[in-house]
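Report on the structure
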Amino acid sequence: MEKSIKRYWPLFVLPTMAAFTIGFLIPFVYGIFLSFCKFTTVVDWKWVGFKNYTRIFVVNGEVDKTFLHSLWYTTLFTVVTMLIINVVAFAIAWCLTKGIKGTSLFRTVFFLPNLIGGIVLSYVWLMIFNSFLQKYSQTIVSTQWHAFWGLVIVVCWQQIGYMMIIYVAGIQSISGDVLEAAKIDGATGKSMLFKIILPMLAPTITVCSFLTMTNGFKLFDQNLALTGGNPGKMSQLLALNIYDTMYGTTGWQGVGQAKAVIFFLLVAVISIVQNKISRSREVQ
């Protein structure tokens, strides 16, 4: 049987490789090619070289700050949400592993927001935010910072429960013998947390940090439904900025594709660096 599998393994791999090639690899490579072209449809293209990449930053001889604003705005949003989600999710997971009554119910309640679609969730929160802010004659898109913190609240409320489940699994995987030995040696709750539990949770922290970081950079649905990029495109995250460039202005599809390529490279580099840093800490 083992010899047969080794002999015919290409037959087992072929369907998956074909699906991967057709569904991802070919569109990805073709998308990179289109970033160097002017086009309205994927078959109606004209080669323009690096002109699309130049138009990302300079339009009609003037600097276009829209993309750069979305870049730093998205970076700040990602850092803030990553910190809040991971700290709060760990704190909740820590409490739920202390044997309190109703733990299963609490886990379900905290996880439920993750099951709601981003657009539906954002519309619900939009009504909540505007109902509160109208008392002060404002809305969620009165300023870019109203929109920023609105997005932070929505994303954190949605993702904390999911990360909590991962942290609960990580905490429960820690050997009870290790914790018991630490108690016998006189370790206090604080020292156990920072010198034993958190170091042993390094792989879990790596996974949760990676997920929250990539989710922050790729966020689209909530941004579209909650703020739509308003006021004046000042609350556009990168994904919405690319979408707006692709479909909001005629003749800018190539520029939008160039932004998408830069976006991919940015997320890929940050993800690799973050993962390497986290892995090095795990080894230590």
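Let me sum up the structure you'll find in this document. Keep in mind the model is a prediction, meaning the values are calculated, not measured. (Residues numbered from 1 in each chain as written. Predicted model: local features only at pLDDT ≥ 70, side-chain atom pairs only at ≥ 80, totals over all residues. Heavy atoms only, no water.)

**Details of helix 9 (residues 202-218)**
End to end, helix 9 covers 24 Å across 17 residues, agreeing with the expected 24 Å (1.5 Å per residue, within 8%). Within helix 9, burial applies to Ala-202, Thr-204, Thr-206, Cys-208, Ser-209, Thr-212, Met-213, Thr-214, Gly-216 and Phe-217. (Helix = DSSP H or I, 4+ residues; strand = E, 2+ residues; numbered from the N terminus. Expected span 1.5 Å × (residues − 1). Buried < 20%, exposed > 50% of the residue type's maximum accessible area, 1.4 Å probe, protein only.)

**Considering the pattern of salt bridges**
Tallied over the entire structure, the rule returns 1 salt bridge. With a closest N to O distance of 3.2 Å, Lys-233 and Asp-244 form a salt bridge. Taken together, the positions of Lys-233 in the loop between helix 10 (221-226) and helix 11 (238-248) and Asp-244 in helix 11 put the pair 11 residues apart, joining distant regions of the chain. (Salt bridge = Lys/Arg side-chain N within 4 Å of Asp/Glu carboxyl O.)

**Observations concerning the pairing of strand 1 (residues 37-41)**
Within a regular strand, side chains alternate between the sheet's two faces. When strand 1 meets strand 2 (residues 44-47), the two strands line up antiparallel, connected through 4 bridges. Within strand 2, the residue paired with Lys-38 across the bridge is Lys-46. (Pairing = 2+ DSSP bridges.)

**Focus: the nonpolar core**
Grouped together as the largest cluster of nonpolar side chains are 36 residues, with contacts concentrated most on Phe-77, Met-164 and Tyr-167. Every element with two or more residues in this core is listed here: helix 3 (66-96), helix 5 (118-133), helix 6 (144-172) and helix 8 (189-200). With 13 residues, the single largest contributor to this core is helix 6. Once residues within four sequence positions are removed from consideration, Met-164 is found in contact with Ala-89, Ile-92, Ala-93, Leu-96, Arg-107 and Phe-110. By size, the runner-up hydrophobic cluster in this structure holds 16 residues, among which are Ile-56, Leu-238, Ile-242 and Val-267. (Core = buried A, V, L, I, M, F, W, Y, C linked by side-chain atoms within 4.5 Å. Contact = heavy atoms within 4.5 Å.)

**A short note on helix 5**
Its 16 residues give helix 5 an end-to-end C-alpha distance of 22 Å, which sits within 8% of 22 Å, the value for a rise of 1.5 Å per residue. Among the residues of helix 5, Gly-118, Leu-121, Ser-122, Trp-125, Leu-126, Phe-129 and Leu-133 are the ones counted as buried. Seen along its axis, helix 5 keeps its buried residues to an arc of 140°; they face one direction. Seen from the open side of helix 5, the exposed residues pointing more than 90 degrees away from its buried face are Val-120 and Met-127. Looking at the packing, one finds that the buried side of helix 5 touches helix 6 and helix 10. (Arc of directions from axis to C-beta.)

**Concerning the environment of Asn-114**
By secondary structure assignment, the location of Asn-114 is in the loop between helix 4 (103-111) and helix 5. On the basis of relative accessible area, Asn-114 is assigned to the partly exposed category, the value being 25%. Sequence separation between Asn-114 and Leu-201 is 87 residues; the distance between their C-alpha atoms is 23 Å. Sequence-distant contacts of Asn-114, defined by excluding residues within four places in its chain, comprise Gln-158 and Tyr-162.

Remember, this is a structural readout, not a statement about activity or role.
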